[in-house]
Amino acid sequence: MLVAGGMQRCHQEALKKNRVMLAKQLVLKELVEHMIEKDIVTTEMVETIQAKSGSFSQNVEFLNLLPKRGPNAFSAFCEALRETKQQHLEAMILKTISNLSHGIARLEHCYGSNLPFPASESCNSKRPRWIGLFCTEPMEHSLDNGDGPPIPPVKYCTPEFYHDHQHLAYKLVSEPRGLALILSNVHFSSEKDLEYRAGGDVDCTSLEMLFKHLGYQVTVFHDQTAQEMQNALERFSKLPDHRDVDSCVVALLSHGVEGGVYGSDGKLLQLQEAFRLFDNANCPNLQNKPKMFFIQACRGDETDRGVDQRDGKEWSDSPGCEESDANKEENLKLRLPTCSDMICGYACLKGTAAMRNTKRGSWYIEALTSVFAEDSRDTHVADMLVKVNRQIKQREGYAPGTEFHRCKEMSEYCSTLCRDLYLFPGYLPGK
């Protein structure tokens, strides 16, 4: 099924139909402060908006951002309009929604209630209802017939492979290899438009098993509020045991928007705040040690419809890879950059939705666990994430008769790793 963490389609349509008028008349200066207070936008986003030249361009940037800020963004925007004495703009938007609703009612009268319009899955768990041309509540789809191999056991690396590759790699031989934290949210507050994440428990169990088989000591928390997630991450980052191990892993599984993931209370945990807890300034026990993050959450609500490949020979893989700077140890200085030695895998690209099968779990976690179990014996983490990307690229949705049929997803990763990160599963020196 599609994990859609964005604004409801009818609200997006109302903003779109009033876009020019809003861009001309919206007064942002005070309104954005209310949106920050409501946890819809961040100060960094406001700085990006204010960097635009002129009020019209700033308003356009804000309107581009707003639909991507989660299911609560529209109601918070309307409330902020009232609080900043711009009720006339709220009234204009709500009138548009009303007109859309009347239009669907007329169609229902003529053709009955089984309308052939696309159903868009929102973050709501109640019975579907129709507003405008869009279903504002979910119609769940299993997007691919549930095909996909079971997770294989982790294959261990050989002593020969370790000795041939350890000189260019991070030291990763401690027992346990490191500490791992999984925060998995599948149930959400009934007051919020965030649906139950069917299949989310499969992801959590798969990752827990994978990390344990890779030699990590794993801690799991379920259905945490945003503040509880923040507290759990802070406690985890300050554990003295990090001194005695060689790496750490953090996995966040939830609904999300660009730059944040939702707690079970519908409030956002900002990802940059989470990453900051593990940087060289705030987590000295993990300095110069690899830190892995995996984010299974939407980063917007756009469904990737995919495109047909051009005729001709299939494009080949990239012929090479970036050189490692790991051999330049003679240039090391005592000072470190604030943030280094991190790698973060994301289930989807900025602005897009992540996909989840209600029985097998998310596409990304299924690919991740399969690749890591099979290839970690002789492949470093960055190359494994490239292989995950390749598997996700080849997959497509299966939901005939819906807008999600043949939909696509594309995962990505970003890295500040400074050496090859081999997990060397099963290898223990002297044993």
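All of the points below concern the structure found in this document. From a predicted model like this one, the values you see are computed outputs, not experimental measurements. (Residues numbered from 1 in each chain as written. Predicted model: local features only at pLDDT ≥ 70, side-chain atom pairs only at ≥ 80, totals over all residues. Heavy atoms only, no water.)

Each strand in a sheet pairs with its neighbour through backbone hydrogen bonds, running either in the same direction (parallel) or in the opposite one (antiparallel). Read across the open sheet, the six strands follow the order β5-β4-β6-β10-β12-β16; overall the sheet is mixed. Of all strands in the sheet, those with a lone pairing partner are β5 (216–222) and β16 (412–415), marking the two edges. Averaged over all pairs of adjacent strands, the angle between strand axes in this sheet comes to 10 degrees, irrespective of strand direction. Bridging between strand β6 (residues 247–253) and strand β10 (residues 291–296) involves six bridges; their strand directions are parallel. When the bridges of β10 are listed, Ala-251 appears paired with Phe-294. Of the strands in this sheet, β4 (178–184), β5 and β6 touch helix α10 (residues 226–237), which is tilted by about 180 degrees from β4. (Pairing = 2+ DSSP bridges. Helix = DSSP H or I, 4+ residues; strand = E, 2+ residues; numbered from the N terminus. Axes fitted to C-alpha atoms, helices over the stretch in contact; angles between N-to-C directions. Contact = heavy atoms within 4.5 Å.)

Tracing the backbone through its elements, the reader meets Arg-299 in the loop between β10 and β11 (300–302). When neighbours within four sequence positions are excluded, Arg-299 is seen to be in contact with Gly-256, Val-257, Glu-258, Tyr-346, Cys-348, Leu-349, Lys-350, Gly-351, Thr-352 and Glu-412. At 3.2 Å, the side chain of Arg-299 forms a polar contact with the side chain of Glu-258. (Polar contact = N/O pair within 3.5 Å; in protein donor to acceptor, adjacent residues only side chain to side chain.)

All right, on to the nonpolar core then. Counting residues in each nonpolar core, the largest one holds 52 residues, and the members touching the most others are Phe-211, Tyr-216, Phe-294, Phe-372 and Leu-423. At eight residues, the largest contribution of residues to this core is made by helix α12 (residues 363–375). Among residues more than four places away in sequence, those in contact with Phe-211 are Ala-180, Ile-182, Tyr-216, Val-218, Val-249, Ala-251 and Phe-294. One finds Phe-62, Ala-80, Leu-81 and Leu-89 within the second-largest nonpolar core, a separate group that totals 29 residues. (Core = buried A, V, L, I, M, F, W, Y, C linked by side-chain atoms within 4.5 Å. Buried < 20%, exposed > 50% of the residue type's maximum accessible area, 1.4 Å probe, protein only.)

Tallied over the entire structure, the rule returns 11 aromatic pairs. Where Phe-62 meets Phe-77, the ring centres are 5.7 Å apart and the plane angle is 50 degrees; that geometry is what we call tilted. Within this pair, whereas Phe-62 is found in helix α5 (residues 55–65), its partner Phe-77 is found in helix α6 (residues 73–83), the two being separated by 15 residues in sequence. A relative accessible area of 1% means that Phe-62 is categorised as buried. Cluster of aromatic residues (ring-pair linked, three or more members): Phe-161, Tyr-162, Tyr-422, Phe-424 and Tyr-427. Above the ring of Tyr-346, the side-chain terminus of Arg-299 is found at 3.9 Å from the ring centroid. (Phe/Tyr/Trp six-rings, centres within 6.5 Å; stacked < 30°, edge-to-face > 60°. Lys NZ or Arg CZ within 6 Å of the ring centre and 35° of its normal.)

These values are about where atoms sit, not about what they do.
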